[in-house]
Amino acid sequence: MSGNSDESTISTVMDIEPARFANFDPSSITTLVRTRNRRLLQDLGGLDAIIRALETDTENGIRGDSRDIDARRNIFSSNSNQLQERNLVKCFCVCAVKAIKDPLIIIVVVFTVLSLGFGIKKDGLEWIWPEGVIKLLAIFTVVIVSAGTNFWPITQCHDSSGTSSYTPQVDVVRAGEWTKIPISSVVVGDIVFLKPGDQVPGDALFIDGSSLHLENLINVNGRSECVEVGHENKNPFLFSGSMVVDGYARIVVTADGKNKRNHQQVIWMEGKHADELLNLTTVVGKLGQAVAFATFFLFLCRFFAGNVYHDDKKGNKALLGDEKVEIWDHLLAFVGILAAPALIALTSGLEGLVLAVKITLAYSLRKLMHAKVLVRKPSLCHSVASVDTICLNKTGTLTAYFAEVKKFWLGLSSIEEAPHNLIAPNVLELLHQAIGLNTIQPRSANSTFAPPICSTEAAISDWAVRHFGMDKENLRQSCTILVIEPFNSTNKRSGVLISKNNDNTIHVHRKGAADVILPMCSHYYETTGIVNVINKTTRALLEQILEGMTKNGFRCIAFAHRKTSIEEYFNFSKQQLTLLGLVGLKNPLRNGVKRVVKDCQRAGINLKLLTGDNILTATVVASRSGILEPDNQPGEIIEGEEFRNYTSEERIEKLDTIRVVAGATPFDKFLMVQSLKKKGNVVAYLGRGLGDVQALREADVGLCFGTQGGTEILKACSNIVIQKKDLSIVFDILRWGRGFYVSIQIYTQFLITATLVDLVVDFVMSIFPSDPPDFDAMAVISSGKIPYPVFQLLWVKLILGFFAAISLIIKQPSEELMSKPPRDRDEPLMNDVMQRSISAQAIYQIAVLLAIHFKGQSILKVNVNEKNTLIFTTYVLCQVSTVVNARLFEEKKIFQEMHNKKCFWGIIGFIVLLHGMLVEVLKNLAGTARLDSRQWGICFLIAAASTPISGLLKYATAMRIPFLTNVRGTNPKAKID
């Protein structure tokens, strides 16, 4: 199967290195595998010829030095080429272009440029250019901030998706040494060892192995399919990305995954809530467009009627029809008439909601990544907030993944720390074979590679070495493995057929769950080597032994043997084995399991234990962990077979009662998740092994621990991968999910309030003058300006789109979130509490701002510029107050939270400080007037008055907003990307 030594020597000569693979056509082998063309395989000389052509060796693999790897990558391409990082600079430029294309920015730029052009023509360059340059710099600043705000979430997803610790790995042999490498490092010619849970790193050909079954996750029909691969069924072809569900094999890689899918676009939110957010944006946007159209129509009527004033720099006013008014003044007035309604429409949009979703998710993903959690599907977070049921395993989840052998029974004798010389040599030899050889092996007995085994096998093997003097190397040299029957979760057993090299006798060994192996046994060994019949009395004693161990929480594994022949092996009855021994293993509870279970129950989350263990063992573990109460009720614990035999209606009816399903098969777990979903529950499934794959795919939220070997298929089927052996992380994930949803609700409430107030106030101020005829609001517009000058509009955009989002969204989810039941998945985003708050705050702010507009000059004794600055400052501070109210009244312990939110208060202080500088220092740029201490005090007092209003109206009768009440998400396929 390998090339001869001369070829191997020649291939290392530097001078002929460029000629490697010169007579080899990579496309021919790619076609061979992709089309499963056995005839072409024969035409190419068979497997041996292909291995020689690829300059590899079945025992030693490729050379594996840097020159060899580079040559293979250059000729055959490489997985690593497909996993290149995104060009972040280019990505930022894309975000900047997107920000520039914002209609608000475009309108402001056009309006600014036209105003500058007309102003220069009329007043000269020296009077206009400083103001114009500063305005353009301000626009540039907003573009950069907006681009950065959109760019940051992308970098977070880029960082999390590129985390190397989550890259699937496989075992390969290079230069005679077996090692584990990421699949992205596999090259054509690599010899790879596959075991259950591994992902096929590239198109490949089968060399040898046993019972290899693969799941092709995507086939030509778009569905998964399970296929058996091997020489016996004339199917030696393996496809890139397939998952090993059973068996083992050695393969040679012929193509390194050229046809893998490229990086997919990130979907931030999908389903009904994405549809609701998009509908909400559309409804408010249409309302703004309607108001803008009405404004434009009234402006146009006034313009053509000549009822529009022009004010010059000295404050003189004149009708546009007056002879003193130049043509440039008419053009400026018309630009203002076009710009004002456009800006009213654009500032009424709720595009900030989509940005808030991205920022919130990016921040949550970043924090979870630091906690060793990879969220493979960001849009899943809104489902996490609704999880009300968690299904989980025992081993590796509630209990530690490692196990310890605590009990061993040989026949009816308990052997505790006994010297192995007290056991008959023939029985001891059979025990060595049963423990040392009945594991996954890569190939023949003289293999130099021992693949990793599961924790159960490792614990039993180490125990046998320590207490029974088992020598693994001598054992493998003395026997030849003929057939292996790998363990799987359905039959709960494994088997091996071996031949002893010294006498060529054939032996079959089986091991597995004691309640599965014991019924197969008709005899048992004693310590003296005598074989006795298992009669009714003996069987009853053995069952008592099993019951005693399971009641103490032990997991029982049985070993059985039979001397046979090749012919007899395929014909003998499975009830003709001889029992070798019973092993009792114990997996200690994970640290903090009881606390996590109690916290989940306090949060309104039901826990269901689904385990393949005996019902007694399952009961003990469920009681110790807190899933079962001391006085558990009938029906809380059932067998998997009983659950399986229920009708669909009976299963759904009994779901609320069932807490533990013992002896559960993979199909039982799938049925449990399916039944819970049919009843309307939102289910999270915490998987551990291959038997959980079906249930993981069916669950609303699939989670797995990525710290165990052979879990690549588990990771591929999970939405969330936890790279830390800590069950409390699951509780933190649920808390972050709830925090995400609450943050989106709070920001939605804030943004709608601010938008409605801005929309109404802008419309009224643009249409209705404050004190006619001394001042006409149209005089401002006719001179090329709008109710809010450009810089003020940009400042409001920064507050609504960036600072408020950061202050409201960037926070640790509170512990109080987990003291409430999970939210209903069908509950609308705009609930009654939000509508009460929006109604109250909007009415209050609109009333106050319009009062200042109409009566502010006379009551507060201020001029026009000061009045407009008061309106602008009061509006900004009211939005700041809305942000503060949203966070304060989110918690029950208000004053304690005020002390804890240092970052939040820092952002709030920064907003107020910047606004103060805008009003007091940059007044010429911002179009504001300086305010004295009395006027600042009035603004702060008005804004602060909204706090008690929020506190009182939170518990008042619902006040619904008609055009928002009916906004519901109905499209489950809606996406926010």
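Residues numbered from 1 in each chain as written. Predicted model: local features only at pLDDT ≥ 70, side-chain atom pairs only at ≥ 80, totals over all residues. Heavy atoms only, no water.

Draft legend 1. Main features of the overall build of the protein. Secondary structure summary: the protein contains 38 helices and 28 strands in total. Every one of the 977 residues in the protein was classed for burial, and the buried ones make up 55%. Long-range pairs, those at least 24 residues apart, make up 75% of the contacts in the protein with a sequence separation of at least 6. Here the protein has roughly 42,300 Å² of accessible surface; of this, 56% comes from carbon and sulfur atoms. (Helix = DSSP H or I, 4+ residues; strand = E, 2+ residues; numbered from the N terminus. Buried < 20%, exposed > 50% of the residue type's maximum accessible area, 1.4 Å probe, protein only. Contact = heavy atoms within 4.5 Å. Areas by Shrake-Rupley, 256 points an atom, 1.4 Å probe, with all protein chains shown as cover.)

Draft legend 2. Representation of the packing of aromatic side chains within the structure. Considering all chains together, one arrives at seven aromatic pairs under this definition. Ring geometry for Phe408 and Trp463: centres 5.1 Å apart, planes at 55 degrees, overall tilted. Of this pair, Phe408 sits in strand β13 (residues 404–410) while Trp463 sits in helix α16 (residues 455–468); the two residues are 55 residues apart in sequence, bridging distant segments of the chain. For Trp463, a relative accessible area of 8% corresponds to the buried category. Between Phe667 and Phe670 the ring centres are 6.1 Å apart and the planes differ by 25 degrees, which places this aromatic pair in the stacked class. (Phe/Tyr/Trp six-rings, centres within 6.5 Å; stacked < 30°, edge-to-face > 60°.)

Draft legend 3. Broad picture of the pattern of salt bridges. Enumeration over the complete set of coordinates arrives at 23 salt bridges. In this structure, Arg510 and Glu485 form a salt bridge, with 2.8 Å as the shortest nitrogen-oxygen distance. Highlighted residues: Arg510 in strand β17 (residues 506–513) and Glu485 in strand β15 (residues 479–485), separated in sequence by 25 residues. Arg510 sits in the buried class, given a relative accessible area of 5%. Note that Asp656 is salt-bridged to Lys679, the shortest N-O span being 2.7 Å. Here the residue Asp656 occupies a position in the loop between α24 (648–654) and β24 (660–662), and Lys679 occupies one in helix α25 (residues 666–679), the gap between them amounting to 23 residues. On the accessibility criterion, Asp656 (60% relative accessible area) is exposed. One network of salt bridges, with partners in common, ties together Asp171, Lys180, Lys195 and Asp198. (Salt bridge = Lys/Arg side-chain N within 4 Å of Asp/Glu carboxyl O.)

Draft legend 4. Layout of the sheet that holds strand β27 (residues 720–722). Within the open sheet, the eight strands sit side by side as β11-β27-β26-β25-β12-β22-β24-β23. Their pairing is mixed. Only two strands of the sheet have a single partner each, and these edge strands are β11 (373–375) and β23 (637–639). Here the strands of the sheet are splayed against their neighbours by 20 degrees on average, with no regard to which way each runs. Each of β12 (389–392), β22 (606–610), β24 and β25 (683–687) touches α25; the most contacted strand, β25, lies at about 165 degrees to it. (Pairing = 2+ DSSP bridges. Axes fitted to C-alpha atoms, helices over the stretch in contact; angles between N-to-C directions.)

Draft legend 5. Main features of the pairing of β22. Counting buried positions along β22 gives four out of five residues, so the element sits mostly inside the fold. Alignment of β12 against β22, held across four bridges, turns out to be parallel. The residue of β22 that forms the bridge with Ile390 is Leu607. Bridging between β22 and β24 involves two bridges; their strand directions are parallel. By the bridge assignment for β24, Leu610 is matched with Val661.

Draft legend 6. Fine view of the pairing of β12. Burial along β12 is two-sided: the face carrying Thr389 and Cys391 and the face carrying Ile390 and Leu392 are both buried. Note that β12 and β25 share four bridges and pair parallel. When the sheet's bridge partners are listed, Cys391 is paired in β25 with Tyr685.

Draft legend 7. How the structure looks around a negative patch on the surface. There is a patch of like negative charges on the surface, built from Asp515, Glu639, Glu641 and Glu642. Within the element layout of this structure, Glu642 appears in helix α23 (residues 640–645). (Patch = residues over 30% accessible without salt bridge, like charges linked within 9 Å, V, L, I, M, F, W, Y side chains within 5 Å. Lys, Arg positive; Asp, Glu negative; His and termini not counted. Charge placed at Lys NZ, Arg CZ, Asp CG, Glu CD.)

Draft legend 8. Structural context of the packing of helix α15 (residues 425–436) against α16. Between α15 and α16, the least distance of the axes is 10 Å, while the angle of their chain directions is 155 degrees. With respect to α16, the axis of α15 lies roughly antiparallel. For the element pair α15 and α16, the recorded crossing hand is left-handed. Between α15, through Leu428, Leu431, His432 and Ile435, and α16, the contact on the second element is made entirely by Ile460, Ser461, Trp463, Ala464 and Phe468. (Parallel < 35°, antiparallel > 145°, perpendicular 65-115°, else oblique. Left-handed = near helix turned anticlockwise from the far one by under 90°.)

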